[in-house]
Amino acid sequence: MKFMMFVCNDTEPDADPTAAPDIEQWVAERDARGQRLEGSVLVPPSAATTVRVRGGELLLSDGPFAETKEVIVGFDILECADLDEAIEVARAHPMAYAGRIELRPFADLD
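Residues numbered from 1 in each chain as written. Predicted model: local features only at pLDDT ≥ 70, side-chain atom pairs only at ≥ 80, totals over all residues. Heavy atoms only, no water.

Q: Would you mind going over the sheet that holds strand β2 (residues 36-41) with me for this structure?
A: Two orientations exist for strands paired in a sheet by backbone hydrogen bonds: parallel and antiparallel. Strand order in the open sheet formed by four strands is β2-β5-β1-β6, with antiparallel pairing between adjacent strands. The sheet is open, and its two borders are formed by β2 and β6 (99-105), each paired with just one other strand. Strand-to-strand, the axes of this sheet are offset by a mean angle of 15 degrees, without reference to chain direction. Relative to β6, strand β1 (residues 2-9) runs antiparallel, the two sharing seven bridges. Counterpart to V7 in the pairing with β6 is I101. Each of β1, β2 and β5 (72-79) touches helix α1 (residues 23-33); the most contacted strand, β2, lies at about 155 degrees to it. This element, helix α2 (residues 83-91), spans β1, β5 and β6 of the sheet and lies at about 155 degrees to β6. (Pairing = 2+ DSSP bridges. Helix = DSSP H or I, 4+ residues; strand = E, 2+ residues; numbered from the N terminus. Axes fitted to C-alpha atoms, helices over the stretch in contact; angles between N-to-C directions. Contact = heavy atoms within 4.5 Å.)

In structure tokens form, the structure reads like this:
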């Protein structure tokens, strides 16, 4: 199963930041196991462009759509056997300690 893993910051990180694993090690292990298909860090929300079409008119807004302190700071596309495996992959990510991880399975459109 493919999962989108949204990596988000959080206003309430773990009190012990030394417990977080090393990101380079996490990436190397997931890549070696074939669990991580792609991933990247994103630029800050201030660089976002929001696109909408209303009444046939293109509306562009600078910055993020939502006003929130928690933002998506990166993503990974995972290939896992099931949700349980995806949870274990996310659990080992450093941002599970300093932020939050959201997992969503890709929709099967067949």
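Okay, back to it.
Q: Could you clarify how one ought to interpret the side chain of R36 in this entry?
A: Mapped onto the fold, R36 is located in strand β2. In terms of polar contacts, R36 uses its side chain to reach the side chain of D31, at 2.9 Å. Polar side-chain contacts of R36 include one of 3.5 Å to the backbone oxygen of G39. Dropping the residues within four chain positions of it, R36 is found in contact with W26, V27, R30, D31, D76, I77 and L78. (Polar contact = N/O pair within 3.5 Å; in protein donor to acceptor, adjacent residues only side chain to side chain.)

Q: What exactly am I supposed to notice about the pairing of strand β3 (residues 49-54) here?
A: Two faces make up the sheet, and in a regular strand the side chains alternate between them. Where β3 meets strand β4 (residues 57-62), six bridges bridge the pair, whose relative direction is antiparallel. Paired with V53 across the two strands is L58, which belongs to β4. Between β3 and β4, which pair antiparallel and follow one another directly, the connecting turn spans two residues, one of which, G55, has a positive phi of 60 degrees.

Q: Would you mind showing me how to read the pattern of salt bridges here?
A: When the charged atoms of two side chains lie near each other, side chains of opposite charge can form a pair. Under the counting rule described, the total for this entry stands at six salt bridges. With a shortest N-O distance of 3.7 Å, E29 and R30 are connected by a salt bridge. You can call E29 partly exposed: its relative accessible area is 28%. One continuous salt-bridge network, built from bridges that share partners, spans D31, R36 and D76. (Salt bridge = Lys/Arg side-chain N within 4 Å of Asp/Glu carboxyl O. Buried < 20%, exposed > 50% of the residue type's maximum accessible area, 1.4 Å probe, protein only.)

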